[in-house]
Amino acid sequence: MQKIMAINAGSSSLKFQIFEMPGEEVIVKGLIERIGLPGAIFNMSFQNEKMKEVCKIENHGEAVEILLDQLKKHRVIKNLSEIAGVGHRVAHGGEEFVSSCIVTDEVVKGIESVASLAPLHNPANIIGIKTFRDLLPDAISVAVFDTAFHQTIPEENFLYALPYALYEKHHIRKYGFHGTSHQYVAGKAAEVLDKPLEKLKIISCHLGNGASVCAIEGGKSVNTSMGFTPNAGLMMGTRSGTIDATIIPYLVDELGYSLDEVVQMMSTESGVLGVSGISSDFRDIEIAAGEGNSRALLTLRMFTGQICNYIGAYASAMNGCDALLFTAGVGENSPLIRKMVTEQLSYLGVTCDVTKNNAGDMIISENNQAVKVCIIPTNEELMIARDVENYAKQPTR
Ligand code: ADP
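Fair warning: this is a prediction, and the values are worked out from it, not measured in the lab.

Q: In this structure, what is going on with the UniProt feature "binding site: Mg(2+)" (unreviewed entry) in the chain? I would like to understand it.
A: UniProt marks N8 and E380 with the feature "binding site: Mg(2+)" (unreviewed entry), using the numbering shown here. The annotated residues occupy 373 residues of the chain but converge on a single region, no pair of C-alpha atoms lying more than 9.1 Å apart. By the secondary structure assignment, N8 is in strand β1 (residues 2-9). Contact partners of N8, with chain neighbours within four places excluded, come to S13, L14, K15, R89 and E381. With respect to the helices and strands, E380 occurs in helix α15 (residues 380-393).

Next comes the structure, spelled out in structure tokens:
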């Protein structure tokens, strides 16, 4: 038995979980919010206890120190040496990292070298990695990349139709994100359906604040809706998703916005929030739609319509689809979104049993249908812990 920690550092937050492996039991989980802002919040739950403390946390390095102190203080662990390994979610691995790997100085340099591709996330990930390596020098450290699962996407699907030199010299291409989640739910769906993953054509819809659709053939990602950055593809909570790129110079040259303002607008004021004018949270949109708010209804139609466009495209590219998966905050919890999506896909043989959908069953398609529609709760932290465990088992560490 060994304790393995999964770390997910965002631009101003740090999520953590410790698993007792190989049983995969979660012994503690928590979230540190508002890092670098006034009134940072430390949340942690373990056994039957829950705690929340407001404190001052300047940066991710301090957040890690406080986390380790709290773990000892509350006797979640007696000694730091009990933690055998730490897995870090890293947003962008560029083309260099096609799978998870043990963190060495060279790997840290590699992650730094692609930091400009994910300026909000990779720097936070790097600080998290470095601080853990300093404070837990005996624990194995593993980097798990959001982009890695998508490195199997073929060139015709990852290239943009820009001059080829931009790809060759500057690595401008589709990378895709949410890879750990898409990979996890695909594997889990194969288990639930009792079919070999290698034989399945899966379309996975990760619908949370960030949202992406992924085509998975034989267990490998063959296309996904996010692109060079996580701003592409579907409209999301506050992100626009893909728009005609020429709107950007029009906003700058004709309407007088600065480029920074446009970038900010596209990532924090657009998407569900921008169109509805109500909220970025689908719960608020569904309530407003229920009250007949026309912009909320429009937002729901736009979002589900875009999802269906990707599903149609991917089903056609794979020449079929055996399983359609819903995951993440919206995908797991919104019967309405699942209903609206599946209703538009009857031509593909997609069905949705109202009772099963409302109950949130794992399989919600009607009985004996070729296309299985499933709700699979994602678990990126568990995927990370499993990756660390695999490396920890290897004698070469
Ligand atoms: P993140 O991308 O931040 O990890 P999550 O996967 O946790 O996000 O998804 C968060 C979103 O899930 C919320 O913004 C909210 O819109 C949506 N959500 C959560 N519960 C429900 C629900 N019961 N009905 C509809 N949407 C929900």
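Now that the structure has been shown, the text picks up again.
Q: Is there a simple way to explain the sheet that holds β1 in this structure?
A: One key point about sheets: their strands pair by backbone hydrogen bonds, in either a parallel or an antiparallel sense. Read across the sheet, eight strands follow the order β5-β4-β3-β2-β1-β6-β8-β7 without closing on themselves; strand pairing throughout is mixed. For this open sheet the edge positions go to β5 (49-55) and β7 (101-102), each flanked by a neighbour on one side alone. In the packing of α15 onto the sheet, contacts are made with β1, β2 (14-21), β6 (83-90), β7 and β8 (140-145), and the angle to β1 comes to roughly 130°.

Q: Where do I start with the UniProt feature "site: Transition state stabilizer" (unreviewed entry) in the chain in this structure?
A: If you check UniProt for "site: Transition state stabilizer" (unreviewed entry), the listed places come out as H178 and R239 in our numbering. Among the secondary structure elements, H178 is positioned in the loop between α5 (164-170) and α6 (179-193). In this structure H178 comes out as buried when scored by relative accessible area, which is 9%. Once residues within four sequence positions are removed from consideration, H178 is found in contact with R89, D146, H150, H206, G210, A211, S212 and M226. One can find R239 in the loop between β11 (220-224) and α7 (247-253). Looking at R239, the relative accessible area reads 21%, which means it is partly exposed. Setting aside residues up to four positions removed in sequence, R239 forms contacts with G210, M226, P230, N231, M266, S267, S270 and G271. Side-chain polar atoms of R239 contact the backbone oxygen of P230, separated by 2.8 Å.

Q: Whenever I open this one, the layout of surface pockets confuses me. Can you help?
A: Any empty space left between atoms is shown by rolling a water-sized probe over those atoms. In this model, the second largest pocket occupies a volume close to 760 Å³. The wall of the second largest pocket is formed by 25 residues, among which Y160, F228, T229, A232 and T242 lie closest to the centre. When residues of the lining of the second largest pocket are traced back to their parent elements, those giving at least two are β11, α8 (259-268) and α11 (294-317). Residue contributions to the lining of the second largest pocket peak at four residues, all from α8. Among the residues making up the lining of the second largest pocket, the classes are represented as 15 nonpolar, nine polar and one charged.

Each value, and the rule that gives it
- Residues numbered from 1 in each chain as written.
- Predicted model: local features only at pLDDT ≥ 70, side-chain atom pairs only at ≥ 80, totals over all residues.
- Heavy atoms only, no water.
- UniProt positions renumbered as here; feature names shortened; annotations may be inferred.
- Helix = DSSP H or I, 4+ residues; strand = E, 2+ residues; numbered from the N terminus.
- Contact = heavy atoms within 4.5 Å.
- Pairing = 2+ DSSP bridges.
- Axes fitted to C-alpha atoms, helices over the stretch in contact; angles between N-to-C directions.
- Buried < 20%, exposed > 50% of the residue type's maximum accessible area, 1.4 Å probe, protein only.
- Polar contact = N/O pair within 3.5 Å; in protein donor to acceptor, adjacent residues only side chain to side chain.
- 1 Å grid on protein atoms, 1.4 Å probe; cavity = no way out; pocket = protein on both sides within 12 Å on 5 of 7 lines; lining within 4 Å.
- Points joined across faces, edges and corners; volume = space filled by probe spheres on them.
- Nonpolar A, V, L, I, M, F, W, Y, C, P; charged D, E, K, R; others polar.

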